[in-house]
Each structure stands twice: as structure tokens, then as C-alpha cells.
Amino acid sequence: MDITETLAIPIPEQLDSPAVPDQADLDLTTVGDFTVPDPRMKIRDVNVFYGQKQAIFDVNLDIGSNSVVAMIGPSGCGKTTLLRCLNRMNDTIDGCRVEGRVEMDDKNVYDRKMDPVLLRARVGMVFQKPNPFPKSIFDNVAYGPRIHGLVRDRTDLEEIVHTSLERAGLLDEVKDRMDQPGTGLSGGQQQRLCIARAIAVSPEVILMDEPCSALDPIATARIEELIGELRKNFSIVIVTHSMQQAARVSQRTAYFHLGYLVEVGSTKDIFTTPKHQLTEEYITGRFG
Amino acid sequence: MNPTKQIVSGLARRQRAEKRFRLYGLTAVVLGMAFLLLLFGSIVANGYKAFTQTYIELPIYFDPAVIDPSSERDHQTLFSADYWKLVKTAVYQKFPQASGRKERRELTRMVSEGSAYELRDQVLENPRLIGTTQHIWLAADDDIDMLMKGYIDRNVPEDERRLNDRIIGYVDSMREVDAIERRFNTTFFAAGDSREPEQAGILGALMGSFLTLIVTLLLSFPIGVAAAVYLEEFAPRNRFIDLIEININNLAAVPSIIFGLLGLAIFINWFGMPRSTPVVGGLVLGLMTLPTIIIASRVSIQSVPPSIKEAALGVGASRMQAMFHHVLPIATPGMLTGTIIGMARALGETAPLLMIGMVAFIVDPPGGFTEPATALPVQIFLWSDSPERGFTERTSAAILVLLVFLIAMNAAAVYLRERVTKRF
Ligand SMILES: Nc1ncnc2c1ncn2[C@@H]1O[C@H](COP(=O)(O)OP(=O)(O)O)[C@@H](O)[C@H]1O
Ligand SMILES: [Mg+2]
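Residues numbered from 1 in each chain as written. Chains lettered and ligands numbered in written order. Predicted model: local features only at pLDDT ≥ 70, side-chain atom pairs only at ≥ 80, totals over all residues. Heavy atoms only, no water.

### Digging into the environment of Thr 240 of chain A
Residue and element names in this part refer to chain A.
Part 1: Mapped onto the secondary structure, Thr 240 falls in the loop between β8 (235-239) and α9 (243-249).
Part 2: Sequence separation between Thr 240 and Arg 192 is 48 residues, and the spatial gap between their C-alpha atoms is 17 Å.
Part 3: When sequence neighbours within four positions are dropped, the list of residues in contact with Thr 240 reads Met 71, Ile 72, Lys 79, Glu 210, Gln 245 and Ala 246. (Helix = DSSP H or I, 4+ residues; strand = E, 2+ residues; numbered from the N terminus. Contact = heavy atoms within 4.5 Å.)

Listed below in C-alpha cells is the structure:
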């Protein structure tokens with residue numbers, strides 16, 4: 001992995017774009033094909049509101065199987081909001097309302113009959129800031145399998161914990177100190193621990209919300225490498241503010257602007273031949 | 001004008017303002033400490049001597065003719081025998097020079113009336129004492145105790161003193177042969193209240209406070225934590241819940257005596273619970289402590305980083321699992337801190353207990369939640385009202401005991417708070 005490439009430091013969220021292009025004359029309907037063959041999840045006509053304020057407008061997007069789709073766009077454009085619709089983490093926010101359909105196996109996850117507990121076991125999540133439990137490394141990974149009753153005995157559990165840590169590329173670093181607190185690891189290790197915790201319940205989809213934004217370049221490179229590995233077994237949706245990262249890890253890219261999905265397509269096309277004016281201006285760095 | 005110059009010209013003024021402010025702060029702290037020291041100092045100075053008590057050594061002859069004329073060693077006979085007579089005989093023998101009726105009365109008054117019970121207990125425990133003569137240390141009367149502790153001024157004219165020259169002479173003569181001395185006052189920690197200072201102790205009040213606090217804790221901790229968890233995690237956001245929240249905060253500010261009135265009206269008059277008992281006191285104090293615990297628990301639940309809860313929900317924990325597996329364990333030290341502080345407040349509370357009759361004069365330490373009892377602060381209140389010098393001293397000593405408990409509880413709270421901050 002080329003470290004210099006990773007070192008292209010992403011634009012911090014706080015430094016908002018100085019010059020968002022004039023909207024009035026811009027068409028914000030989605031450019032490109034939002035469908036994929038055999039999708040794992042489907043987002044259809046989704047609108048999200050925080051109280052009176054609308055954060056997502058009429059978004060349609062498919063999440064493909066065994067591939068990585070990257071969501072990019074300027075800060076505040078609704079990437080996190082949309083991502084959290086996929087496992088209903090928005091439920092925990094007061095005043096957040098979701099309209100439209102998010103389908104998994106042709107069932108709407110927002111259906112009354114859908115239990116968010118089951119959904120979140122199938123759609124795992126890795127957060128922006130590493131958030132291991134203040135418990136041992138072992139217990140961090142074992143928590144999911146335990147509460148879902150995925151294991152019969154201690155041997156089973158140990159095996160799941162080991163394979164999860166191994167797939168998260170963390171086993172070698174922690175196998176001698178499984179009983180140490182997870183919070184004592186470095187930032188990059190903590191994030192990989194969180195990934196191990198997510199994959200321990202064998203989800204089908206993994207959502208990652210800027211998983212590297214709190215990490216140094218070397219730890220970032222490791223996570224990106226890991227995402228490439230995980231793609232073989234999971235469908236992955238990653239939000240990132242680093243275009244280089246999107247280019248490196250994803251097969252498809254969706255570009256958002258002020259709550260609209262402006263353009264979606266294969267990552268290669270988006271970064272070489274963007275069709276929408278906003279996409280082009282964003283990836284050429286004319287605004288952040 | 002040059003901005004640097006402008007800044008420099010104002011610097012001196014800003015530094016002066018800062019110095020002045022620091023001085024104010026320091027003065028406030030020093031004043032506060034001084035008052036605290038003064039308060040503690042006066043209590044300690046008044047109270048420390050109550051931890052000793054004057055005892056007189058007397059050769060007691062356990063006269064079978066007095067205790068057990070029939071020699072049957074019958075429990076009832078031994079129990080109701082006239083042990084005071086043994087004490088009287090012993091003092092008369094010790095001071096044969098006192099002959100008149102009045103002088104002899106003075107003599108016997110030197111020894112605490114409680115001595116008779118002391119002798120009785122010894123005999124009941126060991127009947128073989130009967131017929132023997134033992135040198136026994138018996139508690140002196142509180143006036144003698146005051147003399148030994150230097151509270152009675154010998155220079156005051158005789159008729160204005162509580163003890164006349166003759167008695168002072170007896171005491172001095174005993175002192176010369178070491179037949180009178182001050183010892184650690186076990187009675188103070190082992191007895192209940194009494195009309196006689198030298199027989200009065202705080203055990204009854206301590207037991208009362210202990211039983212009351214148990215009821216308080218059992219009532220307020222589970223309800224308080226459950227209410228806090230519900231309000232933080234499960235309550236819908238609506239007007240009704242807002243109203244409840246506001247009222248919980250208001251309740252925390254209600255004067256404690258109101259809770260006493262409530263207890264009197266509801267628990268005693270309506271439910272017919274026995275008055276003056278720890279169970280009622282505990283219920284009243286529990287209601288009083290409830291808002292404190294709810295508020296403290298909510299604050300400590302709120303202080304748990306939301307990322308922990310999100311992490312749990314993210315792997316598919318239910319809201320209750322996220323709460324009980326992750327949030328509550330982290331919030332526990334904070335909740336316990338709030339609880340201990342609430343308990344400490346309940347321990348020092350007097351007014352509501354007065355309302356429900358825990359102010360009665362009760363000699364026997366309570367053996368259960370439904371037996372009449374008093375509490376430590378109420379005992380202090382009762383003793384502070386008594387004219388005897390011996391009670392003044394015991395008031396301060398009881399305050400010291402109360403303070404020790406309060407400080408211990410607050411130290412426990414600080415310790416727990418330290419632990420929660422170390423976790424992150
Ligand atoms: N909890 C919330 N309450 C109200 N508004 C919110 C909340 N979270 C996000 N928003 C708003 O929704 C919009 C999208 O936010 P977000 O999804 O976090 O954007 P991104 O992740 O792309 O930076 C922003 O305008 C933000 O201010
Ligand atoms: Mg975001």
C-alpha cells in the first residue's frame with residue numbers, strides 16, 4: 001500500500017465548504033443507475049426528517065452483495081443519516097422520522113413487524129469513533145454472540161471470538177491479553193476490535209461511518225486492507241470524507257449533496273468521468 | 001494607536017483585578033475553614049470527656065440473706081432481690097464516719113442507681129458470687145463524674161455548689177487510695193436512653209437510626225433507580241413526562257418537615273402503622289430521599305457516553321440489554337454516590353421524625369422495625385434539652401458520633417466518585 005497516498009489528509013468536517021455552488025439552477029435528480037443485480041438491500045424513495053427539517057430527499061439506492069459501496073459528499077449532506085436508516089439506528093434519535101422503504105429480502109425494515117434487534121444482528125455497524133465496551137477484549141467480541149444465543153458452550157464462544165479477531169486482523173496483537181480492557185488498545189486496534197465485534201454475530205451487511213476519521217494513516221491503511229478482505233463475505237457500506245479512500249476501497253460510489261443522491265455509479269466512472277457538475281466539482285476539489 | 005501599546009496599558013489593571021479576585025476567594029475559603037474548625041473544636045471540647053466515666057471501687061459483699069434468703073438460687077428471687085442494699089452496706093462500711101440519716105443519704109447518692117442492675121446482672125450470670133466479697137468498680141453518680149472532670153468549681157460557696165464539702169472530702173480520700181478513677185465509658189455505647197446521665201447511652205438511638213436507614217434504603221434505592229432508568233431510557237417525550245420531571249425536581253426542594261406531616265397523615269393515621277417506629281421513620285425518610293436518588297441516578301446515566309449504548313444497540317442488544325449490560329454498570333458508582341449522600345442527609349434529619357413521634361423517651365434499644373425507637377439526631381435534640389451537665393456533655397459526644405458516621409458516608413461517596421472518573 002502506498003503510504004503517501006494515504007497521507008493525503010482528508011478535509012476535516014468542521015472546515016465546511018467555502019463555496020457550495022449556487023443551487024437554484026441545479027438539477028438534483030439522481031444521475032446514473034442506482035440499481036444492481038441481486039441487491040442485498042434496497043433503499044426506495046426514502047425521506048428523513050429531523051423534526052421539521054428534512055435531511056434526506058427521495059433517495060433510491062441498492063446495496064450490492066459482496067461489494068463495497070462508498071457514500072461521499074460534503075459534510076452535512078446526510079451520509080450518516082442515510083446509513084443509519086439501514087439498521088434503524090435512527091430510531092434512537094428523538095424527532096427523527098423516516099419515510100419510504102428500506103428493503104432487505106423484499107421486506108421493509110421499517111415495517112411494524114420488523115424487530116430492530118434482529119435487523120441489527122443482520123446489519124452490523126462500525127462507528128466513526130472507536131467505541132469498545134469498557135470490558136475485556138474477549139467480552140467485547142463475545143457480547144453479540146452471547147446475547148443472541150449463538151453459542152452453546154464456552155468452546156464455541158472462544159472459537160467465534162478467535163475467528164472474528166482473526167478476520168479483523170487483530171488476533172496476533174491481542175491473543176496474549178484477551179482479558180485486558182478493550183479501551184486500553186490503540187485507536188486503530190480499537191476500531192478493528194469494533195469490526196471484530198460486529199462480524200462476530202455474522203451479519204450480512206456491515207455499515208461503516210467514517211471508520212478511519214479518528215485514526216492515523218498507518219491504522220487507516222490497515223483498516224482499508226481489511227475492508228478489501230471482508231468484502232469477500234459481507235456487503236459493506238462505507239461513509240467516507242476522503243475521496244482517495246472511496247477510490248481505494250469501493251466498487252460503487254454514491255455522491256450526496258444537501259440530502260440528495262446526486263450521482264451514483266461504478267467508482268471508476270465516478271472518479272474518472274463524473275457526469276454531474278456537482279460531482280465533478282467535488283472530486284476535483286473545488287469545494288469540500 | 002498601536003494595539004500592542006493599548007494592550008500593555010491595560011495589563012496592569014487586569015493583573016490587579018485578578019489579584020483582587022484571588023484575595024476574595026482566599027478570604028472566603030479561610031473564613032469558611034475557620035468557622036468549621038470553631039464548630040468542630042467546640043463540639044470536641046465539650047464532648048470528648050463524655051467518652052470517659054468515673055467509677056468507684058467498692059468491696060461488695062453478696063449477702064445471701066439479702067439476695068437469696070431461701071438458698072434456692074431461684075431465678076425470679078435473684079432477679080427481684082434488693083441489690084441496692086448491697087451497695088448501701090458497702091458505702092456505709094467504707095465511710096463509717098458518716099452516721100446521720102442525711103449524711104448516709106449523701107453517701108449512697110455518690111453511686112449511680114444503675115449499679116444495682118449491674119450487680120444483678122453479675123449475679124444472674126454467675127450465682128457463685130453469692131456469699132463472697134468482690135471489689136467491684138461501679139459507675140459514680142453524674143455529679144461525682146462532673147467533679148472528677150473538673151466541671152465543679154471548689155471555690156464557689158458551698159451552698160451554691162451541687163456537692164458539699166463533705167462529699168468532696170470523700171471523693172478526695174478515695175482518690176488518694178485510687179479507689180475512684182475515670183475509665184472508658186462503655187455504658188455510653190452499650191445502653192439506651194436514661195433519666196440519669198451516667199446511665200444514658202446512644203445504643204438505642206444508633207439502632208433506631210440503623211433500622212430506619214435500612215427501611216429508607218430499601219424503599220428509595222430500587223424505586224429511585226427504576227424511575228431514573230425509565231425516565232432516561234423508556235419514557236416517551238411528552239407533556240405528562242415533563243410534568244413528572246418538574247415535580248421530581250420540586251419534591252427535592254420540599255422542606256423535610258412536610259414529609260413528616262405526610263407520614264403522620266398517611267402511614268400512621270390512615271394505614272394505622274405504629275407510631276414512633278423505624279418502619280414509619282424509614283418510609284418518611286425514604287420518600288424524602290427518593291427525589292435526590294432519582295436526580296443523581298439520572299445525571300449519572302446521562303454521563304455515560306452515548307457511544308457505549310450505540311455500540312450495544314449496534315450489535316443487536318435490546319434497549320433493556322444495552323441499559324443493564326453497559327450503561328448501568330458504568331453509572332453505578334455515580335448512582336451509589338447520590339444514594340449515600342441522600343442517606344447521609346436522611347441520617348441527620350430530625351424534623352420529620354419529630355412529626356411521627358420518634359421523639360419519645362425510649363430506654364430499651366429497639367429490636368425490630370416495629371418497636372418504638374428514636375434516632376441519633378433526635379436523641380441529640382432530646383439531650384440538648386436536659387439541664388444536667390452530664391447530658392450537655394453527652395449531647396456533644398452524640399454529635400461527634402453522628403459526625404463520624406456522616407463523614408464516613410461522605411468519604412465512601414468520594415471514593416466511589418473517584419472510581420467512576422478513573423474508568424474513562
Ligand atoms: N440528531 C440530529 N438532529 C437534528 N438534525 C440532525 C441530527 N443529525 C443530523 N442532523 C442534520 O441532518 C443533516 C445531515 O447530517 P448527517 O447525516 O450527519 O451528515 P453527514 O454525515 O453527511 O455529515 C445535517 O444538516 C445535520 O445538521
Ligand atoms: Mg457523518
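### A look at the domain arrangement of chain B
Residues and elements named next belong to chain B.
Part 1: For chain B, the domain assignment lists domain 1 (49-184) and domain 2 (203-422).
Part 2: Just the C-alpha atoms count here: the centres of domain 1 and domain 2 sit 45 Å apart.
Part 3: Each partner contributes residues to the interface: domain 1 has nine residues there, and domain 2 has eight residues.
Part 4: When the buried area of domain 1 at its contact with domain 2 is split by residue, Ala 50, Phe 51 and Met 146 rank highest and sum to 59% of it.
Part 5: When the shortest N-O distance is used, the salt bridge between Lys 149 and Glu 393 registers 3.0 Å. (Domains from an automatic or database assignment. Buried area = accessible area lost by both parts, 1.4 Å probe. Salt bridge = Lys/Arg side-chain N within 4 Å of Asp/Glu carboxyl O.)

### Topic: the interface of chain B and chain A
Frequently, the measure chosen for interface size is the accessible area that the parts lose on association.
Part 1: At the junction of the two partners, chain B supplies 16 residues and chain A supplies 22 residues.
Part 2: For the pair chain B and chain A, the summed buried surface comes to about 1600 Å²; carbon and sulfur atoms form 62% of the total.
Part 3: Three residues, Glu 310, Val 315 and His 326 of chain B, lead the burial of chain B against chain A; their summed loss comes to 34% of the area buried on that side.
Part 4: In this assembly, chain B and chain A are joined by two salt bridges.
Part 5: Across the salt bridge formed by Arg 237 of chain B and Asp 94 of chain A, the nearest N and O atoms sit 3.8 Å from each other.
Part 6: Across the contact surface, chain B and chain A share six residue pairs in polar contact (both at pLDDT 80 or more).
Part 7: Listed by contribution, the elements that provide at least two residues to the side of chain B that touches chain A are α14 (306-314) and α15 (319-347) of chain B.
Part 8: The dominant element in the side of chain B that touches chain A, judged by the number of residues it contributes, is α14 of chain B, at seven residues.
Part 9: Taken together, the residues of the side of chain B that touches chain A sort by class into seven nonpolar, seven polar and two charged. (Polar contact = N/O pair within 3.5 Å; in protein donor to acceptor, adjacent residues only side chain to side chain. Nonpolar A, V, L, I, M, F, W, Y, C, P; charged D, E, K, R; others polar.)

### Comments concerning the sheet that holds strand β5 (residues 107-108) of chain A
Residue and element names in this part refer to chain A.
Part 1: Here four strands make up an open sheet; going across it, the order is β2-β1-β4-β5 and the pairing antiparallel. Of all the strands in the sheet, just β2 (53-64) and β5 have a single pairing partner and so form its edges.
Part 2: Inspection of the sheet shows strand β1 (residues 39-50) paired to strand β4 (residues 96-104) by eight bridges, in the antiparallel sense. Among the inter-strand pairings, Arg 44 is bridged to a residue of β4, identified as Arg 101. (Pairing = 2+ DSSP bridges.)

### A closer look at the packing of aromatic side chains
Residues and elements named next belong to chain B.
Part 1: Counted by the stated rule, this structure contains 12 aromatic pairs over all chains.
Part 2: One cation-aromatic arrangement involves Arg 104 over Tyr 92; the distance from NZ or CZ to the ring centre is 4.0 Å.
Part 3: A cation over a ring is seen here: Arg 120 above Phe 79, with NZ or CZ 4.4 Å from the ring centre. (Phe/Tyr/Trp six-rings, centres within 6.5 Å; stacked < 30°, edge-to-face > 60°. Lys NZ or Arg CZ within 6 Å of the ring centre and 35° of its normal.)

### Brief notes about the packing of helix α11 (residues 239-251) of chain B against helix α13 (residues 278-302) of chain B
Residues and elements named next belong to chain B.
Part 1: At a minimum axis distance of 8 Å, the contact between α11 and α13 shows a crossing angle of 120 degrees. The angle between α11 and α13 places the two elements in the oblique class. In this structure, α11 crosses over α13, and the sense of that crossing is left-handed. Here Glu 245, Ile 248, Asn 249 and Leu 251 of α11 lie close against α13, whose contacting residues are Pro 291, Ile 294, Ile 295 and Arg 298. (Axes fitted to C-alpha atoms, helices over the stretch in contact; angles between N-to-C directions. Parallel < 35°, antiparallel > 145°, perpendicular 65-115°, else oblique. Left-handed = near helix turned anticlockwise from the far one by under 90°.)

### Examining the nonpolar core
The nonpolar side chains of a soluble globular protein tend to be buried with one another.
Part 1: With 55 residues, the main nonpolar core has Met 41, Leu 86 and Val 237 of chain A as its most contacted residues.
Part 2: Residue contributions to this core peak at seven residues, all from α15 of chain B.
Part 3: Judged by nonpolar contacts, the second largest core, of 46 residues, contains Val 141, Leu 171, Met 243 and Val 262 of chain A. (Core = buried A, V, L, I, M, F, W, Y, C linked by side-chain atoms within 4.5 Å. Buried < 20%, exposed > 50% of the residue type's maximum accessible area, 1.4 Å probe, protein only.)

### Comments concerning the layout of surface pockets
Part 1: Of the voids in this model, the largest pocket is the one considered here, and its volume is about 870 Å³.
Part 2: Lining the largest pocket are 32 residues, and of these Thr 92 of chain A together with Glu 232, Glu 233, Lys 309 and Arg 319 of chain B lie nearest its centre.
Part 3: When its residues are assigned to classes, the lining of the largest pocket shows 16 nonpolar, four polar and 12 charged.
Part 4: Taken as a whole, the second largest pocket encloses approximately 650 Å³ of empty space. (1 Å grid on protein atoms, 1.4 Å probe; cavity = no way out; pocket = protein on both sides within 12 Å on 5 of 7 lines; lining within 4 Å. Points joined across faces, edges and corners; volume = space filled by probe spheres on them.)

### Looking at empty space enclosed by the protein
Residues and elements named next belong to chain B.
Part 1: For the structure shown, the criterion picks out two cavities of 30 Å³ or more.
Part 2: Of the volumes computed, that of the second largest cavity is approximately 40 Å³.
Part 3: As for the second largest cavity, its lining consists of Ser 209, Thr 212, Leu 213, Leu 285, Ala 346, Leu 347, Leu 353 and Ala 375.
Part 4: For the lining of the second largest cavity, the elements supplying multiple residues, two or more each, are α10 (203-234) and α15.
Part 5: Broken down by element, the lining of the second largest cavity gets its largest block of residues, three residues, from α10.
Part 6: Grouping the constituent residues of the lining of the second largest cavity by class yields six nonpolar, two polar and no charged.

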